[in-house]
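Listed here are the chains, written in short residue letters.
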Amino acid sequence: MAVCARLCGVGPSRGCRRRQQRRGPAETAAADSEPDTDPEEERIEAGAAALCAPGAGGSAGPSQPPRCSLLELPPELLVEIFASLPGTDLPSLAQVCTKFRRILHTDTIWRRRCREEYGVCENLRKLEITGVSCRDVYAKLLHRYRHILGLWQPDIGPYGGLLNVVVDGLFIIGWMYLPPHDPHVDDPMRFKPLFRIHLMERKSATVECMYGHRGPHNGHIQIVKKDEFSTKCNQTDHHRMSGGRQEEFRTWLREEWGRTLEDIFHEHMQELILMKFIYTSQYDNCLTYRRIYLPPSHPDDLIRPGLFKGTYGSHGLEIVMLSFHGKHARATKITGDPNIPAGQQTVEIDLMHRIQLPDVENLRNFNELSRIVLEVREQVRQEQQQQEEGPEDGEGHSQQSPQEPQRDPAQPNMGPPTEKDREPGDRGAAAAEEQPAQSGQGQPFVLPVGVSSRNEDYPRTCRMCFYGTGLIAGHGFTSPERTPGVFILFDNDRFGFIWLELKSFSLYSRVQATFRNADAPSPQAFEEMLKNIQSLTS
């Protein structure tokens, strides 16, 4: 250990902090005045040198290169070395010796750590005016609140939500993401700030609530545990408006729906809107948030998984998360409604059962589409029954076995003619049909007569269709059941679902936003997250 200390230029008589802590002040001062060498260490090194010297009793060896101590390096080189280390390691480095501790007060080191670890691209030199150092920004703001960066779902009953906490300049801001106004599903997402954290003085970071229309005011953040935190507003009077609840409702309605109550003629829709306002406004930005992850992707996924915004009838637009799980894909609600709350699995797609849609003229006939889908549902039911009976009944069911390693949804299935490949150019189709798909062409698509859609501007061509089920329930998530439907893949960023029982069509469009600190640490962590958010509303 003495030799290791010697290599760093820190001898036991001077650099060992434990020994200094055991001494009194007088002994420490006396020790500091002693040379940086240890007599015992010098004796060992002298003996080793004598053994290796020419003419000594030991065998002669190659000459040892001169030793270089870190303390002998120029300070500017030490600054470059220390700035390349993770910020979490620097406090331990400061305990080595006085020189290291003094060098670690250099703001250049912490400016680089702020930039490389948290993406702070602002001119941090401006902080000198306020007397706040880059080291303060790193230690008291970025590192302290690092656990709340990423995507979160607020606990707002059945409605849920999507919060993205990011480092924005010299602030940490919690942005609530909102779908575009109904029914414009292809429009970009909207967002508004709910809170922000910044460092205006060297003592501690300041948390401010951004809810309401009277500017930032005093707030509080508590990190409950690793994947959960809560916010509290200490001045809820800033959320109130001079015109009372009526003015607050009109303002909320313009922001949430982009219209006035008089513009909404559907009485049931008016009731749902008023119900949501009453329910959500009672929280006053005092919320608990639970972490959510973006779904992991695989090369053989049908499309890239992620967040989508979709139409849900009178409930407006909602956010769902599309993820792939072997032979199935699932759409989980991130925002919800009183019928199907946030966290529930709204749509499940059976990737092993392609659906061959009829031509456009026959597709307009809802009864024809219903007949095709119900035939597939019956086959799925029979396959599930065979699987429940067990593999000991025979080997004839091996092609439909859940243990089958096949994962590619484009492979032809073993079902009846209604389940064979629908799109020209699929791997299971004839070679003569491959050219249209490779050239980017798809099959014409039109909604059957009688199927309602909030957005009539849906794509008129699709790539492929699969059998799926959708979750429906009464108000308050009563009597939930899964009903058959059709999953329609339009392109890499849009898909749809036809709910047979409801005679309704939902169009989904990808959320075109980049989220940092949102990847799951492992597939198991993502699956556990899905179970957690679903259990909260079950």
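It should be emphasised that the depicted structure is a prediction, and the values quoted were computed from it without experimental measurement.

S.K.: How would you summarise the overall build of the protein chain if you had to cite specific residues and measurements?
M.R.: A count of helices and strands for the protein chain gives 17 helices and 19 strands. With 538 residues in all, the protein chain has 45% of them scored as buried. For the protein chain, contacts bridging at least 24 residues in sequence account for 58% of all contacts bridging at least 6. Carbon and sulfur atoms make up 52% of the accessible area of the protein chain, which amounts to about 27,900 Å² in all.

S.K.: So what's going on with the sheet that holds strand E6 (residues 217-225)? Which residues, and what values?
M.R.: The strands making up a sheet associate through hydrogen bonds between their backbones, and the pairing can be parallel or antiparallel. What the 8 strands build is a closed barrel, ordered E1-E2-E3-E4-E5-E6-E7-E8; its pairing is antiparallel. Here the average twist between neighbouring strands, direction ignored, is 35 degrees. Across 2 bridges, strand E5 (residues 206-209) lies against E6 in antiparallel orientation. From the neighbouring strand, Glu 208 faces E6, where its bridge partner is Asn 218.

S.K.: Got a sec to walk through the pairing of strand E7 (residues 228-233)? Specific residues and values, please.
M.R.: Burial within E7 is extensive, with 5 of its 6 residues counted as buried. Two strands pair when backbone bridges link them, and E6 and E7 are joined in this way by 6 bridges, in the antiparallel orientation. Looking at the pairing, Lys 225 lines up with Glu 228 of E7. In this sheet, strand E8 (residues 288-291) lies alongside E7 in antiparallel orientation, the contact comprising 3 bridges. Bridging from a neighbouring strand, Ser 230 pairs with Thr 288 of E8.

S.K.: If you had to explain the packing of aromatic side chains to someone new, which residues and values would you point to?
M.R.: Here the distance between the centres and the angle between the planes together describe a pair of aromatic rings. Enumeration according to the criterion identifies 24 aromatic pairs in this entry. Look at Trp 252 and Phe 277: their rings are 5.4 Å apart centre to centre, the planes differ by 55 degrees, and that puts the pair in the tilted class. Within this pair, whereas Trp 252 is found in helix H12 (residues 244-257), its partner Phe 277 is found in helix H13 (residues 267-281), the two being separated by 25 residues in sequence. Judged by its relative accessible area of 12%, Trp 252 falls in the buried class. Among the aromatic residues, ring-to-ring pairing joins Phe 308, Tyr 312, Phe 487, Phe 495, Phe 497, Trp 499 and Tyr 508 into one connected group.

S.K.: Account for helix H17 (residues 523-535), with residues named and values stated.
M.R.: Look at H17: 19 Å from first C-alpha to last across 13 residues, which is about the 18 Å you get at 1.5 Å a residue. Turning to H17, its buried residues number three or more, namely Phe 526, Met 529, Leu 530 and Ile 533. Down the axis of H17, the smallest arc covering the buried residues is 100 degrees, so these residues share one side. Turned more than 90 degrees away from the buried face of H17, the exposed residues are Gln 524 and Lys 531. Contacts from the buried residues of H17 go to strand E1 (150-154), E8, strand E10 (317-325) and strand E11 (328-333).

S.K.: Go over the environment of Arg 460 with me, naming the residues and quoting the values.
M.R.: Mapped onto the elements, Arg 460 comes out in the loop between strand E14 (452-453) and strand E15 (461-462). In this structure the C-alpha to C-alpha distance between Arg 460 and Gln 443, which are 17 residues apart in sequence, comes to 8.5 Å. Those residues in contact with Arg 460 that sit more than four places away from it in its chain are Gln 443, Pro 444 and Phe 445. At 3.3 Å, the side chain of Arg 460 and the backbone oxygen of Glu 456 are in polar contact.

S.K.: Just give me the short version of the packing of H12 against H13, but keep the residues and values in it.
M.R.: Helix packing geometry: the angle between the two helix axes and the distance between the axes. At a minimum axis distance of 11 Å, the contact between H12 and H13 shows a crossing angle of 110 degrees. Judged by the inter-axis angle, H12 sits roughly perpendicular to H13. Two packed elements cross with a definite hand, and for H12 against H13 that hand is right-handed. Residues Arg 245, Glu 248, Phe 249, Trp 252, Leu 253, Glu 256 and Trp 257 of H12 form the contact with H13, whose participating residues are Met 269, Ile 273, Leu 274, Lys 276, Phe 277, Thr 280 and Ser 281. Along the lines of polarity and charge, the residues of the contact of H12 with H13 split into 8 nonpolar, 2 polar and 4 charged.

S.K.: Describe in detail the environment of Gly 150, supporting the description with residues and values.
M.R.: You can see Gly 150 is positioned in strand E1. Gly 150 gets classed as buried once you look at its relative accessible area, which sits at 0%. Here the alpha-carbon distance between Gly 150 and Gly 174, two residues 24 residues apart in the chain, equals 9.3 Å. Contact partners of Gly 150, with chain neighbours within four places excluded, come to Leu 163, Asn 164, Val 165, Arg 291, Arg 516 and Asn 517.

S.K.: Can you break down the pattern of salt bridges residue by residue, with the values?
M.R.: This model, assessed by the stated rule, comprises 23 salt bridges. Across the pair Asp 284 and Arg 240 runs a salt bridge, and its minimum N-O distance is 3.1 Å. Of the two residues, Asp 284 is situated in the loop between H13 and E8 and Arg 240 in the loop between E7 and H12; the sequence distance between them amounts to 44 residues. Residues Glu 318 and Lys 333 are paired through a salt bridge, measuring 2.8 Å at the closest nitrogen-oxygen approach.

S.K.: Talk me through the nonpolar core; I want residue IDs and the actual numbers.
M.R.: Of all hydrophobic cores here, the largest spans 43 residues; its most connected members are Ile 109, Tyr 145, Ile 148, Val 165, Phe 195, Ile 197 and Phe 229. Elements that contribute at least two residues to this core include exactly helix H6 (75-83), helix H7 (90-94), helix H8 (98-103), helix H9 (107-118), helix H11 (134-142), strand E2 (162-168), strand E3 (171-178) and strand E4 (190-198). Ranked by the residues each element gives to this core, the list is headed by H11, at 5 residues. Residue assignment places this core across two domains, with domain 1 (72-121) and domain 2 (145-288) each supplying three or more. Setting aside anything within four residues of it in sequence, one finds Phe 195 in contact with Ile 148, Leu 163, Val 165, Ile 172, Ile 173, Gly 174, Glu 208, Cys 209, Met 210, Ile 221, Phe 229 and Thr 231. Among the nonpolar cores identified, the runner-up in size contains 25 residues, and Tyr 458, Phe 490, Ile 498 and Leu 500 belong to it.

S.K.: Tell me about the state of the cysteines, residues and numbers included.
M.R.: The final tally for this structure, using the stated rule, is 0 disulfides. Left without a disulfide partner, Cys 114 is nearest to the cysteine sulfur of Cys 134, which lies 5.7 Å away. Counting only cysteine sulfurs, Cys 209 is the nearest neighbor of Cys 233, a cysteine outside any disulfide, at a range of 3.8 Å.

What counts as what
Residues numbered from 1 in each chain as written. Predicted model: local features only at pLDDT ≥ 70, side-chain atom pairs only at ≥ 80, totals over all residues. Heavy atoms only, no water. Helix = DSSP H or I, 4+ residues; strand = E, 2+ residues; numbered from the N terminus. Buried < 20%, exposed > 50% of the residue type's maximum accessible area, 1.4 Å probe, protein only. Contact = heavy atoms within 4.5 Å. Areas by Shrake-Rupley, 256 points an atom, 1.4 Å probe, with all protein chains shown as cover. Pairing = 2+ DSSP bridges. Axes fitted to C-alpha atoms, helices over the stretch in contact; angles between N-to-C directions. Phe/Tyr/Trp six-rings, centres within 6.5 Å; stacked < 30°, edge-to-face > 60°. Expected span 1.5 Å × (residues − 1). Arc of directions from axis to C-beta. Polar contact = N/O pair within 3.5 Å; in protein donor to acceptor, adjacent residues only side chain to side chain. Parallel < 35°, antiparallel > 145°, perpendicular 65-115°, else oblique. Left-handed = near helix turned anticlockwise from the far one by under 90°. Nonpolar A, V, L, I, M, F, W, Y, C, P; charged D, E, K, R; others polar. Salt bridge = Lys/Arg side-chain N within 4 Å of Asp/Glu carboxyl O. Core = buried A, V, L, I, M, F, W, Y, C linked by side-chain atoms within 4.5 Å. Domains from an automatic or database assignment. Disulfide = S-S within 2.5 Å.

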